Amino acid sequence: MDHLLKLTKLIQQKHGRRIVKNIKTNSTSSGLNGGKLAQTGLITGLFLLGTTPAYATEDLGIIQVESTTIDDKFDAKREEPSNIAVISGKKVDKQHTQNIQQVLQGIPGITTELQSGDSLKIHIRGVENQRYMGEKPGVAVVIDGVPVFERTGRVNIDMDNIESIKVIKGGASYLFGDDALSGAVVITTKRGAQYAGVHLGTEAGSWNYEKYLGRAGFANEYGAGHIQASKRQGNGYYHNSDFRTKYVNGKLQYYIDDFSDITFGMEVSDREKDSHGTVDGLTASKLDPKSKWIENDDYTRMYDVHLEKFFATYSRDFDDTDNLLVSAYQFTDQTNFVSRPINGYRDSSNAVITDPDAYAYGNDYYQVQRGIKTEYRSAGDELAWMAGLDLRANSYENNVEYVNSFRYYFGGPLQGPGVTDDNETEEEMQAVYGEVKFRVADPFIVTLNGRFDHIDLDYTDNLTNLKLDRYFDVWSWRTGGNYEVNESTDIYGNISTGFRAPSVKQLFAGDMDPGGGTASNPNLEPEEATNLEIGLRRKFSIMGINWDLDTAIFQIDRDDYIMSSTGQYGKNPDGLDQQYQNIGGMRNRGLELTLRSDSSRTFWVNVAYSYLDAIFTDYDNYNLLLGNRYPSGPPPRTFDGDIVGDADGLCEAGEYNPATQYCIEHYDLGGNQVPRAPKHHLNIGLNWRASPHWTITGEIESKSSYYADELNWNKVDGHSVFNLLANYEREVGEATVSFFARVDNVFDYDYWNTARGSYDSSSPGTGNAPDGVFNMEDVSIVVNQGRTFTAGVSISF
């Protein structure tokens, strides 16, 4: 018994000693879920200032810095001046999701552009919703201290290996540096003594979905550790959308003494995925939702991704107030895929290519991210501070070569074979950052953050021996405060910034590809975003039921974001180069509100609502391409200038050059809505603990309409779907047996996962030939897969 008491004490020390005594933390850490109507949200929140406090809270006592970029052990919200949300790994596990979108949709302000399966892109507060899937999201995604960015522009997350998810809204470059324009999603993977023992599980679902998982762990007075392996596979709803994913991950934590420990972590994954299920146009979405038609082939396919992550973190507590964290990591991404479908073109012998799997290019991309971080923090009665150092050395190697030669038309010049791209980019970054908290008066705590980044970019073209370089020095900051109105009510607010450095392609496009139609601009400056936010946190009781409320209004301004001189995805007349410039302007305003009742009751509810008004404030350079720029057969290239149309979206007789068969119309899009940014998003979770072993959850997920294009010509209808989940858990001797069944989109509602368009690209029945009109037939669409069933069983002992 003495040995067990000693072990318990040590485990408590290792997992609880860093939470300083007498700090008020949020009572339920299962995550933010809540909301209400925009027009009544703040009024409701202010009204609730006068309601009865739900329960007494401890005195704030010592001030502590919770901010960290390394290990998210400091999750108190009471003194935090920004709107944040925390979701526990236990809640993630009990949701039994297949992708992180199903978890994050319960947080207001989060939008995820989902293609299929777990292929998605995370956005916060509508920032960068106008960009397509393969580009950076404007959100820092950090996993175990590693700022993750994959070649696909998406992020792959093992849903079975999450200890917690923390979402920080608003500019977060003051902590995470580059690309944290609108916030950060910080994921900590499973750790600690609670994973001692053995866990086995299996799942099955629609379209031959299967999952197998096994985990084994230990815990004793010297440390704790576990290793986990999982496999997911399925045929997918869409044509050629088979996928297979294998994960092996684990952690080993060694307790050096009562005040320090070191943790080693690893994750290795292999992912194979084919088509994303994109179709071209409204007609195809109705007649070919699974993307079986040849003309609906994805531009990129057959992804083979190998990811490796290794890290070590050292933690040392010097006393009850001071802590040191040091972390070193390496993350590698080896991605292979094919691009440019050539089915229907001609081969080297001028025969028509009839293979739907025929693609022109094979792409081989290898990325390595290495880094060292260290943070020292100190807490006190009147002052707390944290200082950090962030060193990164990243490399990106890109190789593209022809895997099939082809001709665009009979007798045309042969494209391939050979290598088309062989280049590498070295990115080095050194940053210092810090946070200071101090008590101005007994109820008012002010927080100041600052970060300085020095970024070096070096590019080498191995085919031409071209070498290019550029560096940037960028400051980021946050100023905020938290005012304690009473024991259960806080008002908070902040101003924060985010930035994104220009890419090598944006800086040197003309040097890298002299014939590509885009001029270099080495004078580009980093993009900046400024976030202003005011919010209210309130705990109250109505009719004996305890509630948590968190509401905030915000505005994000961007005055210099980088875009092409012809528009984000616009086109220039032949013979004229476009150029990336600091010319874009955007303003995102909104309200976010979360409301949740006491989850210890038989019935409880989580409601999340967000209102978003995202518009372009400066966008006077959009060029709309109409007509067939590249007609079949050898086109006459005697360019004598494009005739600008009358900006009616029709390439009419007399408005285009018959020799080139296209025209370009110019538009000023200032005041237009940002595409794929719905104004209203409501998520309601209704929970019923039917018995000590059964929990039933119904979820309503609702989004209003949005535009698929920057011109705001093509509107996508809103949708509401109902999801249902049943969990059963029971102790059987020394084991815990669990069963679940989940149905997504219970009523099989027909809607689109995403839609995007920017120019006249196709017309039904013409083999994707442009027809001189820009409308819904030119929009790329991913149709939702409809009603989906998943069920599984697990045992832990």
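Small disclaimer: the values here were computed from a predicted structure and weren't measured.

Further remarks concern the side chain of R439. If you trace the backbone, R439 turns up in strand β18 (residues 419-441). Assessed through its relative accessible area of 14%, R439 is described here as buried. Within the structure, R439 has its side chain in polar contact with the backbone oxygen of D381 (distance 3.2 Å).

Moving on to the sheet that holds strand β35 (residues 752-756). Taken together, three strands build an open sheet; the order of strands is β13-β36-β35 and the sheet is antiparallel. Looking at the sheet topology across the chains shown, the edges are occupied by β13 (278-280) and β35. Adjacent strand axes in the sheet meet at a mean angle of 25° when their direction is disregarded. Sheet topology note: the β13/strand β36 (residues 780-783) ladder contains three bridges and is antiparallel.

In this section: the sheet that holds strand β1 (residues 84-88). In spatial order, the strands read β1-β6-β7-β4-β5; together these five strands make up an open sheet with mixed pairing. The open sheet has two edge strands with one neighbour each: β1 and β5 (146-147). Across six bridges, strand β6 (residues 164-169) lies against strand β7 (residues 183-188) in antiparallel orientation. The residue of β7 that forms the bridge with I168 is A184.

Looking at where Q233 falls in the secondary structure, it is placed in strand β10 (residues 223-234). A polar contact is formed between the side chain of Q233 and the side chain of K231, at a distance of 3.4 Å. Those residues in contact with Q233 that sit more than four places away from it in its chain are N208, Y209, E210, F243 and R244.

In this structure, I100, L104, I165, V167, V185 and I187 are the most contacted members of the largest nonpolar core, which totals 30 residues. Of all the secondary-structure elements, those providing two or more residues to this core are β1, α4 (101-104), β3 (119-124), β4 (140-143), β6, β7, β14 (300-317) and β15 (322-341). In terms of residue count, the dominant contributor to this core is β14 (four residues). Of all hydrophobic cores here, the second largest spans 22 residues; its members include Y619, L626, A677 and F774.

What follows is about a nonpolar patch on the surface. Side chains of V440, F444, Y483, V485, I491, I534 and I553 sit close together on the surface and give an oily, nonpolar patch of about 550 Å² of accessible area. Relative to the assigned elements, F444 resides in strand β19 (residues 444-461). Its relative accessible area of 30% is what places F444 among the partly exposed residues.

Let's shift gears to the pattern of salt bridges. Here the structure, examined in full by the defined rule, presents 31 salt bridges. When the shortest N-O distance is used, the salt bridge between E592 and R125 registers 2.9 Å. With E592 in strand β25 (residues 578-597) and R125 in the loop between β3 and β4, the pair connects residues that are 467 residues apart, well separated along the chain. Grouping residues by exposure puts E592 and R125 together as buried.

Bringing the packing of aromatic side chains into the picture now. Inspection of the entire model under this criterion finds 19 aromatic pairs. Grouping aromatic residues by their ring pairs yields a cluster made of W207, Y237 and Y238. Stacked on the ring of F554, the Lys or Arg R125 has its end atom at 4.2 Å from the ring centre. The lysine or arginine in question, R537, covers the ring of Y492, its NZ or CZ lying 4.0 Å from the ring centre.

This part takes up helix α7 (residues 504-512). Within α7, the full set of buried residues consists of V504, Q506, L507, F508 and A509. Looking at the buried positions of α7, the neighbouring elements they touch are β18, β19, β20 (466-486), β22 (518-519), β24 (545-564) and β25.

Before going further, it helps to spend a moment on unusual backbone geometry. Residue P417 is bonded to the preceding G416 through a cis peptide linkage, with omega at -5°. Looking at the secondary structure, you find P417 in the loop between β17 (383-402) and β18. Located in the positive-phi region is N208, a residue other than glycine, with phi close to 60°. Along the chain, the position of N208 falls in the loop between β8 (197-205) and β9 (209-220).

Averaged over all residues, the pLDDT of the protein chain is 84; the fraction at 70 or higher stands at 83%. Counting contacts from residues 1-60, a segment whose pLDDT is below 50, to residues more than four positions away or on other chains yields 152 contacts. Counted against residues more than four places away or in other chains, residues 633-646, with its pLDDT under 50, gives 27 contacts.

Turning next to the environment of Q555. With respect to the helices and strands, the residue Q555 is situated in strand β24. What makes Q555 partly exposed here is its relative accessible area of 21%. It is 6.6 Å that separates the C-alpha atoms of Q555 and E533, two residues lying 22 residues apart in sequence. Not counting the four nearest positions on each side in its chain, Q555 is found in contact with T530, N531, L532, R587, N588 and R589. Within the structure, the side chain of Q555 is placed 2.9 Å from the side chain of D557, a separation counted as a polar contact.

The pairing of strand β21 (residues 489-500) with strand β23 (residues 527-542) spans twelve bridges and is antiparallel. Counterpart to T489 in the pairing with β23 is R538. Where β23 lies against β24, 13 bridges are found, and the strand directions are antiparallel. Bridge assignment links I542 to a residue of β24, and that residue is I545. What sits between the antiparallel neighbours β23 and β24 is a turn of two residues, in which M543 has the positive phi angle 55°.

Rules used in this analysis
- Residues numbered from 1 in each chain as written.
- Predicted model: local features only at pLDDT ≥ 70, side-chain atom pairs only at ≥ 80, totals over all residues.
- Heavy atoms only, no water.
- Helix = DSSP H or I, 4+ residues; strand = E, 2+ residues; numbered from the N terminus.
- Buried < 20%, exposed > 50% of the residue type's maximum accessible area, 1.4 Å probe, protein only.
- Polar contact = N/O pair within 3.5 Å; in protein donor to acceptor, adjacent residues only side chain to side chain.
- Pairing = 2+ DSSP bridges.
- Axes fitted to C-alpha atoms, helices over the stretch in contact; angles between N-to-C directions.
- Contact = heavy atoms within 4.5 Å.
- Core = buried A, V, L, I, M, F, W, Y, C linked by side-chain atoms within 4.5 Å.
- Patch = residues over 30% accessible without salt bridge, like charges linked within 9 Å, V, L, I, M, F, W, Y side chains within 5 Å.
- Areas by Shrake-Rupley, 256 points an atom, 1.4 Å probe, with all protein chains shown as cover.
- Salt bridge = Lys/Arg side-chain N within 4 Å of Asp/Glu carboxyl O.
- Phe/Tyr/Trp six-rings, centres within 6.5 Å; stacked < 30°, edge-to-face > 60°.
- Lys NZ or Arg CZ within 6 Å of the ring centre and 35° of its normal.
- pLDDT = per-residue confidence, 0-100.

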